[in-house]
Amino acid sequence: MPHYKIAIVGAGPSGYFAAQALQNSVTEDLTFSIDMIERLPTPWGLVRSGVAPDHPKIKTVSKVFEKIASEPNFRLFGNVELGKDLSLEDLTNRYDAVVMATGSAIGKKLGIPGEDLANSISAAQFVPWYNGHPDYADFKVDLSGKVAVVIGAGNVAMDCGRILALDPKELDETDTADHAHQDLSKSNIRKVFITGRRGAEFAAFTAPELRDLPKLEHTNVIISKSDIDAAIVAAGDAPEKDVKSNLDAMLAIAEHEKTSHARTMEFLFHHVPTEIKGSGQVQEVEFKTPAGQKVIKCGLVISAIGYEAQPLSGISYEKGKVLNTDGRVKDNLYVVGWAKRGPSGVIGTNKSDAAGVIELLISTLTTPKNAGDINDLIVAHKVITQTHWEAINAAEVASGEPLGKPRVKVADKDELLRLGGF
Ligand code: NAP
């Protein structure tokens, strides 16, 4: 009976769904050992460090990941970095196939003057900061100004805007990183603009996220009705289903009864950013609008305009993605998730995506290699196995319990290793 060893690099949603697709393909005549390799001491990728802390329901998919991890043919190798602790070749030589599930971690650049001024940051920094990602434990964002501008009209822009504009008390019972919760509690920001460069009919938000906004108890949410009326006309008589749902949700916000909270989040459309200005630090953003040039004074700019994959040696990239054909990169190397198709879709999108790639991978398997595995390469390394991770997970959840939080996230890498038992 052929038994194949498969390595998956990256313990985010697309990695777990690739593992699940392999597990679902097991038959009496075909079995797999699955080794998942993750740079951080913690798995779950964007479910841990991307999904907004005030959206706990989305994180319940981690239960699916834990079920996959509990299967006897699955092993986690956390705190092991490809390119540092081992090379891609080390893996492709030993495993029958290697699946890259490394996502897209780098924020796209606007390419406008002033983008690199202090406090002009990327969502790719802000989001992992408030979510306790170890790489951003020491990141600093200045929240002393009254106004913040978020550039982009997608769900990540909305997450950033919402985290800045909600009453920090609403984060008390969430797993927001302690350092971020403390800073947000002292924040002076009272007005947040979320700016789209095109009309609302092109906004990349999704309707469920828009429909949640009026539920914010301490934030005025403003969308101009004339903007949405114009977008409805521009979308025509038969708009796509998603566009219609979005416009309906935005119209409901625009028509929502006015509130008078101290904090406001306002959506602006047809605002093309042209320059960020300030002496030493952000002071204003200049936009081109249909009415001409417009300046918004602000102390913080967050660009949330999409992501690119972090390049890895031995792999070719094109437009921020791993160069691939239907998920096959070359020889026995495959790619899934955002690294394969770019930063699009919700977490569940990765399930069908990974299933397709694993089907292709299986169709190309020949004689099993029997050439060893990762254990040959990282003998003296502090590897976070599933058991170590379960200890970290239990410790975080236990610290959260008396505070009414789902967990208290540990952002310090050494402390994570200590909780894991090292
Ligand atoms: P996105 O959905 O692709 O949105 C990117 C936004 O940036 C678009 O509005 C785009 O406008 C704008 N943009 C791009 N380049 C720009 C530029 N140079 N200047 C100004 N604006 C620019 O990306 P995302 O928000 O990063 O989200 C990534 C994926 O994760 C999406 O599929 C999203 O739905 C998903 N996600 C889901 C959730 C959730 O379900 N709760 C939460 C977060 C993220 P144009 O359309 O004009 O290019």
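Attention in this report is confined to the structure presented alongside it. The structure presented is a predicted model; accordingly, all values stated were derived computationally and were not measured. Within each chain, residues carry numbers counting from 1 in the order of the written sequence. Reporting of local features is limited, given that this is a predicted model, to residues whose pLDDT is at least 70; pairs of side-chain atoms are given and counted only at 80 or more, and all residues count toward the totals for whole chains, interfaces and linings. Hydrogens and water are ignored here; the side-chain numbers use all heavy atoms of the structure.

**Quick notes on the overall build of the protein chain**
Definition in use: Numbering of helices and strands starts at the N terminus; helices are DSSP runs of H or I of at least 4 residues and strands are runs of E of at least 2. In this setup the radius of gyration rests on C-alpha atoms only. A globule is expected at 2.2 Å times the number of residues raised to 0.38. Burial status follows relative accessibility: with a 1.4 Å probe on protein chains alone, a residue under 20% of its type maximum counts as buried, one over 50% as exposed, and anything between as partly exposed. By definition in these notes, contact holds between two residues if any of their heavy atoms fall within 4.5 Å. Here the accessible surface of atoms and residues is derived via Shrake-Rupley with a 1.4 Å probe, and residues count as covered only by protein chains that are part of the display. His is not counted, nor are the chain ends, whereas Lys and Arg count as positive and Asp and Glu as negative. In this description, the location of a charge corresponds to atom NZ of lysine, CZ of arginine, CG of aspartate or CD of glutamate.
Of the regular secondary structure elements, the protein chain holds 14 helices and 19 strands. Relative to a compact globule of 422 residues, whose C-alpha radius of gyration would be 22 Å, the protein chain shows 23 Å and is just as compact. A total of 422 residues make up the protein chain; the buried ones form 51% of that total. Counting only contacts in the protein chain whose residues sit at least 6 apart along the sequence, the fraction spanning at least 24 positions is 77%. Total accessible area on the protein chain stands at roughly 19,100 Å², and carbon and sulfur atoms take up 51% of it. Once the 46 positive and 55 negative side-chain charges of the protein chain are each reduced to a mean point, those two points are 3 Å apart.

**So, the sheet that holds strand β11 (residues 272-277)**
Selection criterion: Only strands that DSSP links by at least two bridges are regarded as paired with each other. Between N-to-C directions, angles cover 0 to 180 degrees, with each direction set by a line fitted to C-alpha atoms, over the stretch in contact for helices.
Sheet architecture is open: 3 strands sit in the order β11-β12-β13, paired in antiparallel fashion. The open sheet has two free edges, formed respectively by β11 and β13 (292-297), since each of these has just one partner strand. Mean inter-strand twist for the sheet, computed between neighbouring axes without regard to direction, equals 25 degrees. Judged from the 5 bridges that link them, β11 and strand β12 (residues 284-289) form a sheet pairing that is antiparallel. Opposite E275, over in β12, you have E286 as the bridge partner.

**Points about the pattern of salt bridges**
What counts is decided by this rule: The working definition used for a salt bridge is a side-chain nitrogen of Lys or Arg within 4 Å of a carboxyl oxygen of Asp or Glu.
Across all of its chains, the model carries 24 salt bridges by this definition. D116 is paired through a salt bridge with K109; the nearest N and O atoms lie 2.8 Å apart. Given the relative accessible area of 64%, D116 is considered exposed. A salt bridge links E284 to K297; its shortest N-O distance comes to 2.6 Å. Highlighted residues: E284 in strand β12 and K297 in strand β13, separated in sequence by 13 residues. On the accessibility criterion, E284 (15% relative accessible area) is buried. Judged by its relative accessible area of 57%, K297 is exposed. One salt-bridge network, held together by shared partners, links K5, D35, R75 and D373.

**A closer look at the packing of aromatic side chains**
The condition is simple: Between rings of Phe, Tyr and Trp, where Trp is taken as its six-membered ring, a pair exists when centres lie within 6.5 Å; planes separated by under 30 degrees are stacked, by over 60 edge-to-face, and by other angles tilted.
Summed over all chains, the structure comprises 10 aromatic pairs. For the pair Y16 and F74, a centre-to-centre distance of 6.0 Å together with 15 degrees between the ring planes defines the contact as stacked. Placement of Y16 in helix α1 (residues 13-24) and of F74 in strand β3 (residues 74-78) is noted, with a sequence separation of 58 residues between them. No difference in accessibility class separates Y16 from F74, as the two residues are buried. A ring pair is formed by F17 and F65, whose centres lie 5.9 Å apart and whose planes are at 80 degrees; its orientation type is edge-to-face. With F17 in helix α1 and F65 in helix α3 (residues 62-69), the pair connects residues that are 48 residues apart, well separated along the chain. F65 shares its class with F17; the two are buried. By the ring-pair criterion, three or more aromatic residues cluster together here, those being Y16, F17, F65 and F74.

**Section: the nonpolar core**
The test is simple: Here the nonpolar core consists of buried residues drawn from Ala, Val, Leu, Ile, Met, Phe, Trp, Tyr and Cys, with membership extended through side-chain atoms lying within 4.5 Å.
Counting 52 residues, the largest nonpolar core has F126, L164, F205, M250 and F267 as its most contacted members. Beyond its immediate stretch of four places on either side in the chain, F267 contacts M158, I194, F205, L213, V221, I222 and I223. In terms of nonpolar packing, the next biggest core, distinct from the first, is built from 40 residues, F32, F65, A97 and V410 among them.

**Focus: the pairing of β12**
In terms of residue burial, β12 counts as a mostly covered element, since 5 of its 6 residues are buried. Between the antiparallel neighbours β11 and β12 lie 6 residues, among them G280 with a positive phi of about 85 degrees. The turn linking β12 back onto β13 is made up of 2 residues.

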